[in-house]
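What the coordinates show
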Amino acid sequence: MAARRAAAEGLLRELLREEAPGRIAALTEELFRAAGSLGGEAGAEPEVEEGAISLWNWAVTKHMGSVINDEQRAKLRFVACRLACLCEGSDPPEGTIRRQILMSMKTGKGWIDIGKADLADEFLEIALNSIEKLYTKLRKGSDGEADIHVHKADVEKDLFKVLSYQAESAVAQGHFQKAVMCVQRCKDMLMKLPKETCYLSILCYNFGVETYERKKYEQSSFWLSQSYDIGKMDMKYSVGKEMRAKVLRLLATAYFEWDCKQYLDKALKAISLANEENLHPAGFFLKVKILLKSGASDEEINSAVAEFMHHELSLDFCLNAAKLLLENGRESVGFDFLNSVAGRFESSPDLGKITLLYIEFLLQNKRELLAKQKVEEIIIGHYTGKQLLSETLNQLHIVLWDTAAKHYEAKNYSEALHWYNYSVSFYTPGQIDQNLAKLQRNMASCYLHLKEVDKAKEAVKEAERCDPNSIFTQFSVYKIAVMEDDTDKAVEAVIEMGKLAEKSSQCEDKPTVDENTGSNLLSLAAQIALENEQQVVAIKALEYLSEHSRDCRQVFAALKCLVRLVLSKVVVENEEKRNKDIKSMLTYLTLAHRKLAEPFTEENLARDIRTFEAHWFRKVAWNLAVQFKDCPEKMRDFFVLSFKLSQFCPSDKAVLIAQKTCLLMAAAIDLELGRQQVTSSEQMEFLTQALQHLQACKEVWKVLKLTGDFAKDPTDTLLLLYEFEAKSKLNDPTLNSLMESVWEQPQIEVKTLEIIASLAMEPPARYPILCKKALQGALNLHRKQAAIDAVKFSKCLHSLINLSLPTGVTDLDACVLQEVWGYFEDALSVISSTDGYPEMEILWLMTRAWNTGIFQYTIGKYKEAEQWCGLGMRFLNHLGSLKKTYEGHMVGLYSEVLDKLDRAKGFIPNEE
């Protein structure tokens, strides 16, 4: 306990020295928590008492200086009061007790004022106990009966305050009986404290207001009755007639809302008393309201209304009273009252308000003929010097437009025009006003429905004069153009609408129309065009809608419609228009991708809807790619778009397969475009794009392979071949590392190696070493087969010999000849052991061997010449039907060569 007290004292000292508001707030909270745990025996040191008083005074000063707020002051009062209680002792002096009473009362009241009445009770109870102690001490020191009465009067003022505070706390906490008891004790003390009459009356009124707002009408009526009764107890200190009337009006209202039938008499008595106390418009109004609710006769209500006319009441009040009567079906009383009010305010500039109210209720009761007469009277007055005030005229325009709109919705267009014309009557010729433009547009819509196109044009022309930059005006122009089948004019109007919609969306400070209005009008324009079979106009409207609408759903709906419309045209168009529409389709799908890529919330686009839209557009892009295969670049673009759109779909197996296929197809098309007659820069661009697609495809393929068994899928091979082609033609430095991984593959196919060999020498690529290595690998695989395919083997060998022994090359290294000799031997081996070796290939091998021998002879290499010519003769033996054709010639020629070789050998000097 001592430690907690010491901690509180330390915080207190620090707080009294602190000036920074932030630190004061923090110390206040700490001190409040610390003081909450203090209690137990009294009798603390004098320093604690001094600290408590200093804190109290400090809080008063800081609160006046707005350094601390009400709640912080209440908490500091709590601390000071708690510390002061610890210092009280068993027999405190009179001054200490009085100080304790004051501090406890104010602390309790402080908690009540900030809405924490439950914390007030403890301190109000301390105040009561302290008052009792003070009274006991004063009685002990009194000399007689007179002194006792003085002391009793002295403490009763404080007792009255504490009891009233306890009543406040009880009402705030919903403890009705306790509050009643406290107020009754206060009421009993008023004979001795008459000056408190006004205070207690107002306190009970406040209780009545508080419980009325909580809809506790029984309690409210009790408190308000108490307030009225207390207010009359001493007229010298009364609250005044105005306040008593106010109390009675609320009491009547409480009875009225509690149960008008059961408490009708009480409500009427209360409001009658209120009107007797102080005449007030609210009292008259409430009385009529109660009479209407009770079902009183017209005579009774007329009598109550007649009271009004004997007093000075404002026109607005009279109009509200008339509305009340008319809204409750008392037309006779209401209209009679309006007529009397009109007579009373005949010279008032606000007289038009009465006629306006008359018109409104005539229209509400379907009495349009009488309403028209009243409107026509106002129009005549408008041109004879009896104009309505601008506010009243504006209200009349609203009534006229609402009436016209109701007829328009009921498709009674002629009657709608009648009411719109009333509104037009109040505008001067040549007047420029946006409302007049709107009025003319509304009239134009009516004329269009009535097929009166010329009149509609005149109305729209007038609207353009008043408000040329209105999207609504352009929409009216558009509707007329569509009705007249004027496509050019309709397109022009759509373009203007699109520009105005764009301008509105960009004007952030003060948009000319609601941001959705422009989009909705463009949507409606497209719908009208489609209904009238004007596809060109519809497409233009949908294009603007998809570009400028901020509603994602609306954008996607527009783009879908555009795709369908353009697709229906493409089938029957010539090539020039077809290409233009294909380009448009790419634009639509690109916009769909852009919209899907925008940040989204569940409010503007739910996740499942977003996924659905992405699937729809990716499938469309796929189908378009397949459909336009005769246009490779467009085909590639659609495949790429399909891939991009699919990225907004869940990555299930089907989507991954589609992504892989799109990227492979895009890469294949770029490679094909690169093979065509293009400039080197264009070729480089195509090949670079192909590599990008392949890299993306590899990433997709990695994920896809995790979803199942793809052992027979050719994707790995295609990726390898496409990458090899692109990198070889780009002279990419990473090509060798790519091929290193290829040579290490154990399951590589012959066909793959043959294609690599072909690509390695396809311009602009030239990699003979890679080509030879690939062909050698292919030849090895051919040899390893159980049954060699002689045709395929021959082709591979043919390419390898051609690469190693180029035609027309004269300077051949002995090592190269030796290598090539091995290929010829391989050929002989396969020819000998296999049927079906192509005869033309055997002839080609024979010719190449023979020509090589002849070439060796011409350069004086007789031994090599004999070997190669002999090799050629060995192939002769394997020729079929062609053997006879070549045999005679070859044998004779070979004999001549041998003879020449023998003679040539004779001239060759012997080696030493």
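Residues numbered from 1 in each chain as written. Predicted model: local features only at pLDDT ≥ 70, side-chain atom pairs only at ≥ 80, totals over all residues. Heavy atoms only, no water.

From N to C terminus, the protein chain includes 41 helices and 0 strands. For the protein chain, the C-alpha radius of gyration of 53 Å lies well beyond 29 Å, the compact-globule estimate for 912 residues. Viewed in the frame of its principal axes, the protein chain has a C-alpha envelope of about 175 × 95 × 45 Å. Here the protein chain, with 912 residues, has 46% of them falling under the buried criterion. (Helix = DSSP H or I, 4+ residues; strand = E, 2+ residues; numbered from the N terminus. Rg over C-alpha atoms; globule rule 2.2 N^0.38 Å. Buried < 20%, exposed > 50% of the residue type's maximum accessible area, 1.4 Å probe, protein only.)

Another aspect to go through is helix 22 (residues 453–466). Over its 14 residues, helix 22 extends 20 Å from the first C-alpha to the last, a length consistent with the 20 Å expected when each residue adds 1.5 Å. For helix 22, the full list of buried residues reads Val453, Ala456, Ala459, Val460, Ala463 and Cys466. With its buried residues spanning 135 degrees around the axis, helix 22 presents them on a single face. Away from its buried face by more than 90 degrees, helix 22 exposes Asp454, Glu458 and Lys461. Structurally, helix 22 contributes buried residues whose contacts are with helix 21 (434–449) and helix 23 (471–483). (Expected span 1.5 Å × (residues − 1). Arc of directions from axis to C-beta. Contact = heavy atoms within 4.5 Å.)

Aromatic rings considered in pairs are described by the distance between their centres and by the relative angle of their planes. For the structure on display, the rule yields 24 aromatic pairs. On the basis of an interplanar angle of 65 degrees and a centroid distance of 5.0 Å, the ring pair of Phe32 and Phe78 is categorised as edge-to-face. Residue Phe32 is located in helix 2 (residues 21–36), and its partner Phe78 is located in helix 4 (residues 70–86); the two are separated by 46 residues in the primary sequence. Between Trp821 and Trp868 the ring centres are 4.9 Å apart and the planes differ by 85 degrees, which places this aromatic pair in the edge-to-face class. Pair noted here: Trp821 is in helix 38 (residues 814–833) and Trp868 is in helix 40 (residues 862–876), with a separation of 47 residues, a long-range link. The class for Trp821 is partly exposed, based on a relative accessible area of 24%. Stacked on the ring of Tyr358, the Lys or Arg Lys374 has its end atom at 4.5 Å from the ring centre. (Phe/Tyr/Trp six-rings, centres within 6.5 Å; stacked < 30°, edge-to-face > 60°. Lys NZ or Arg CZ within 6 Å of the ring centre and 35° of its normal.)

As a further point, take the packing of helix 3 (residues 46–64) against helix 5 (residues 94–113). Relative to each other, helix 3 and helix 5 sit at 45 degrees, their axes nearing to 13 Å. Considering the angle they form, helix 3 stands oblique to helix 5. Judged by the twist between their axes, the crossing of helix 3 over helix 5 is left-handed. Between helix 3 and helix 5, the contacting residues are Glu49, Ile53 and Trp56 on the first element and Thr96, Arg99, Met103, Lys106 and Thr107 on the second. Considering only residue class, the contact of helix 3 with helix 5 consists of 3 nonpolar, 2 polar and 3 charged. (Axes fitted to C-alpha atoms, helices over the stretch in contact; angles between N-to-C directions. Parallel < 35°, antiparallel > 145°, perpendicular 65-115°, else oblique. Left-handed = near helix turned anticlockwise from the far one by under 90°. Nonpolar A, V, L, I, M, F, W, Y, C, P; charged D, E, K, R; others polar.)

A cis geometry characterises the amide bond from Pro763 onward to Pro764, with omega recorded as 5 degrees. A positive phi angle, close to 65 degrees, is found at Lys411, a residue other than glycine. Take Lys411: it is sitting in the loop between helix 19 (390–409) and helix 20 (413–424). One non-glycine residue, Lys451, adopts positive backbone phi at about 65 degrees.

With that out of the way, let us pick up a negative patch on the surface. Residues Asp485, Asp486, Asp488 and Glu492 make up a contiguous surface patch of negative charge. Examined against the element boundaries, Glu492 turns out to sit in helix 24 (residues 487–506). (Patch = residues over 30% accessible without salt bridge, like charges linked within 9 Å, V, L, I, M, F, W, Y side chains within 5 Å. Areas by Shrake-Rupley, 256 points an atom, 1.4 Å probe, with all protein chains shown as cover. Salt bridge = Lys/Arg side-chain N within 4 Å of Asp/Glu carboxyl O. Lys, Arg positive; Asp, Glu negative; His and termini not counted. Charge placed at Lys NZ, Arg CZ, Asp CG, Glu CD.)

Here the focus is the confidence of the model for the protein chain. Per-residue pLDDT for the protein chain averages 84, and the proportion of residues at 70 or more is 90%. Per-element confidence in the protein chain ranges from a low mean pLDDT of 68 for helix 16 (residues 331–344) to a high of 94 for helix 30 (residues 632–646). Within the model, pLDDT remains below 50 along residues 508–512, and this stretch shows 2 contacts once partners closer than five positions in the same chain are excluded. Low pLDDT, under 50, characterises residues 908–912; the stretch is placed with 1 contact to residues that sit more than four places away or in other chains. (pLDDT = per-residue confidence, 0-100.)

Before going further, it helps to spend a moment on the environment of Glu122. Here Glu122 lies in helix 6 (residues 121–140). For the pair Glu122 and Thr107, spaced 15 residues apart in the sequence, the C-alpha separation amounts to 9.7 Å.

In this fold, Glu725 is placed in helix 33 (residues 715–730). A polar atom in the side chain of Glu725 sits 2.7 Å from the side chain of Arg675. A polar contact is formed between the side chain of Glu725 and the side chain of Lys729, at a distance of 2.8 Å. Setting aside residues up to four positions removed in sequence, Glu725 forms contacts with Leu671, Arg675, Leu759 and Glu762. (Polar contact = N/O pair within 3.5 Å; in protein donor to acceptor, adjacent residues only side chain to side chain.)

Now for the nonpolar core. Counting 166 residues, the largest nonpolar core has Ile290, Leu396, Tyr478 and Phe638 as its most contacted members. Residues Ile131, Cys182, Leu200 and Cys204 belong to the second largest nonpolar core, which totals 64 residues. (Core = buried A, V, L, I, M, F, W, Y, C linked by side-chain atoms within 4.5 Å.)

This paragraph deals with the state of the cysteines. Covalently bonding the sulfur atom of one cysteine to the sulfur atom of another cysteine gives a disulfide. According to the stated counting rule, one finds 0 disulfides in the structure shown. Left without a disulfide partner, Cys446 is nearest to the cysteine sulfur of Cys466, which lies 17 Å away. For Cys446, a relative accessible area of 0% corresponds to the buried category. (Disulfide = S-S within 2.5 Å.)

Further remarks concern the pattern of salt bridges. As enumerated under the stated definition, the model contains 36 salt bridges in all. Notably, a salt bridge pairs Glu672 with Arg675, separated by 2.5 Å at the nearest N-O pair. In this pair, Glu672 and Arg675 both sit in helix 31 (residues 653–675), 3 residues apart, roughly one turn of the helix. Arg675 gets classed as partly exposed once you look at its relative accessible area, which sits at 36%. In this structure, Arg874 and Glu825 form a salt bridge, with 3.1 Å as the shortest nitrogen-oxygen distance. On the criterion of sequence distance, the pair formed by Arg874 in helix 40 and Glu825 in helix 38 is long-range, its members being 49 residues apart. Given the relative accessible area of 37%, Arg874 is considered partly exposed.

With respect to the helices and strands, His418 occurs in helix 20. Overall, His418 belongs to the partly exposed group, its relative accessible area being 35%. The sequence separation of His418 and Lys372 amounts to 46 residues, and the corresponding C-alpha distance is 9.7 Å.

Let us look at the side chain of Ser546. You can see Ser546 is positioned in helix 26 (residues 535–548). With relative accessibility at 2%, the residue Ser546 sits in the buried group.

Attention now goes to helix 23. In this model helix 23 runs 18 Å from its N-terminal to its C-terminal C-alpha over 13 residues, within 8% of the 18 Å that 1.5 Å per residue would give. Most of helix 23 is tucked away: 10 of the 13 residues are buried. Taken as a whole, helix 23 has its buried residues at Ile471, Thr473, Gln474, Phe475, Ser476, Val477, Tyr478, Ile480, Ala481 and Val482. Phi turns positive, to about 60 degrees, at Asp485, one or two residues after helix 23.

A few words on the environment of Asn802. Turning to its location among the elements, Asn802 is positioned in helix 37 (residues 790–804). Considered as a pair, Asn802 and Thr734 are 68 residues apart in the sequence and their alpha carbons are 28 Å apart. Within polar-contact distance, the side chain of Asn802 engages the side chain of Arg848 at 3.1 Å.

Another point: the packing of helix 27 (residues 552–570) against helix 29 (residues 607–627). With their axes 12 Å apart at the nearest point, helix 27 and helix 29 run at an angle of 20 degrees to one another. The pairing of helix 27 with helix 29 is recorded here as roughly parallel in orientation. Classified by chirality, the crossing of helix 29 by helix 27 is left-handed. Within the contact between the two elements, helix 27 uses Arg553, Phe556, Leu559, Lys560, Val563, Arg564 and Leu567 and helix 29 uses Ile609, Phe612, Glu613, Trp616, Phe617, Val620, Leu624 and Gln627. Within the contact of helix 27 with helix 29, the residues separate by chemical class into 10 nonpolar, 1 polar and 4 charged.

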